[in-house]
Amino acid sequence: MPDPDRQRLYLVMPVASPAATAARLDAALAAEVDVAAVLLRLAAHPAERDAINAVKAIAPVAQRRGIAVLVEDRPEIVARGGADGAHLSGEAALRAALPALRPALIAGAGALRTRHDAMEAAEAGADYVMFGEPGADGRPPPFDVTVERVGWWSEVFETPCVGFAPTLDDIAALAAAGADFVAVPDSVLDGAGDPAAVLRDAVRRLAAAAETAP
């Protein structure tokens, strides 16, 4: 049975305007609920200084609440931007980034399309593996595949796993499958015009699913 005291939310946020993203994140986190981490997806190929400044503008919003901030696929700016770690796409990117991140910073792995990819990432030293996030085309894999992968991983491996929930309604299945963290895209915050209320709803769904799982 999943442990409801261990399962936590993981928020994925694309960054176009750092100021707007910081404000949006602050409004959501006013919910004062348990969020483990925020992943920042920076705009495609921003200049390095712009990327660092973006992280510096957004990270404190989460960190002052005790929430880790990760940067996707830009490990070289993590320390200078004041983030807590990086999320790397694929096992090869993870291995390449580890020397710069260890021992102080988090190194997570995503874009793991096969079981073998996930096992290789864990063996390399990933702090977590993520299943189900959208690919380069913006589309996630079939959700039933993600749930199956999370269930398999949680039964066999110690390395924590993150299951990506495209909608709020998908949270329950991932929690019941044993995900240590459930990632939700910031688009779910648009649902009711009150991002804090939506985030509270997401956490309630996560807790309820874990408590009722067989």
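Residues numbered from 1 in each chain as written. Predicted model: local features only at pLDDT ≥ 70, side-chain atom pairs only at ≥ 80, totals over all residues. Heavy atoms only, no water.

## Focus on the overall build of the chain
Now for step 1: Of the regular secondary structure elements, the chain holds eight helices and eight strands.
Now for step 2: Against the globule reference of 17 Å for 214 residues, the chain gives a C-alpha radius of gyration of 16 Å, in line with a compact fold.
Now for step 3: The principal-axis extent of the C-alpha atoms belonging to the chain is close to 50 × 40 × 30 Å.
Now for step 4: Considering only contacts in the chain between residues 6 or more positions apart, those separated by 24 or more positions represent 59%.
Now for step 5: Entry remark: accessible area of the chain is about 9400 Å², with carbon and sulfur atoms responsible for 54%.
Now for step 6: The positive charge centre, built from 19 side chains, and the negative charge centre, built from 30, are 5 Å apart in the chain. (Helix = DSSP H or I, 4+ residues; strand = E, 2+ residues; numbered from the N terminus. Rg over C-alpha atoms; globule rule 2.2 N^0.38 Å. Contact = heavy atoms within 4.5 Å. Areas by Shrake-Rupley, 256 points an atom, 1.4 Å probe, with all protein chains shown as cover. Lys, Arg positive; Asp, Glu negative; His and termini not counted. Charge placed at Lys NZ, Arg CZ, Asp CG, Glu CD.)

## Focus on the UniProt feature "domain: Thiamine phosphate synthase/TenI" (unreviewed entry) in the chain
Now for step 1: The UniProt entry lists residues 9-184 under the feature "domain: Thiamine phosphate synthase/TenI" (unreviewed entry), expressed in the numbering used here.
Now for step 2: Structurally, residues 9-184 comprises 42% helix and 24% strand, and the distance from its first C-alpha atom to its last is 8 Å. (UniProt positions renumbered as here; feature names shortened; annotations may be inferred.)

## Quick notes on the nonpolar core
Now for step 1: Leu-25 and Leu-94 are the most contacted members of the largest nonpolar core, which has 66 residues in total.
Now for step 2: Considering each element in turn, this core owes the most residues, eight residues, to helix H2 (residues 48-63).
Now for step 3: Residues Tyr-10, Ala-37, Leu-39 and Leu-70 belong to the second largest nonpolar core, which totals 11 residues. (Core = buried A, V, L, I, M, F, W, Y, C linked by side-chain atoms within 4.5 Å. Buried < 20%, exposed > 50% of the residue type's maximum accessible area, 1.4 Å probe, protein only.)

## What to know about helix H5 (residues 115-124)
Now for step 1: Every buried residue of H5 is listed here: Ala-118, Ala-121, Ala-122 and Ala-124. The arc that holds every buried residue of H5, seen down its axis, measures 160 degrees, which confines them to one face.
Now for step 2: Lining the buried residues of H5 we find helix H4 (91-101), strand S5 (106-110), strand S6 (128-131) and helix H6 (143-156).
Now for step 3: At the exit of H5 stands Gly-125, carrying a positive phi of roughly 120 degrees. (Arc of directions from axis to C-beta.)

## Some words on the environment of Ala-23
Now for step 1: By secondary structure assignment, the location of Ala-23 is in helix H1 (residues 18-29).
Now for step 2: In sequence terms Ala-23 and Tyr-128 are 105 residues apart; their C-alpha atoms lie 28 Å from each other.

## Re the sheet that holds strand S2 (residues 35-42)
Now for step 1: Read around the closed barrel, eight strands run S1-S2-S3-S4-S5-S6-S7-S8, paired in parallel fashion. Shown here is a sheet whose adjacent strand axes are inclined to one another by a mean of 25 degrees, direction ignored.
Now for step 2: Summarising the sheet, strand S7 (residues 161-164) and strand S8 (residues 181-185) pair through three bridges and their orientation is parallel. Within S8, the position partnered with Phe-164 by the bridge is Ala-183.
Now for step 3: Along the sheet face, H2 touches strand S1 (8-15), S2 and strand S3 (68-72) and points at about 160 degrees away from the line of S2. (Pairing = 2+ DSSP bridges. Axes fitted to C-alpha atoms, helices over the stretch in contact; angles between N-to-C directions.)

## Quick notes on the pairing of S8
Now for step 1: Taken across its five residues, S8 has four buried, putting it largely inside the fold.
Now for step 2: The pairing of S1 with S8 spans five bridges and is parallel. By the bridge assignment, Arg-8 is partnered in S8 with Phe-181.
Now for step 3: In this fold, S7 hands off to helix H7 (residues 171-177), which returns the chain to S8; that crossover is right-handed. (Right-handed = clockwise from strand over helix to strand, strands pointing away.)

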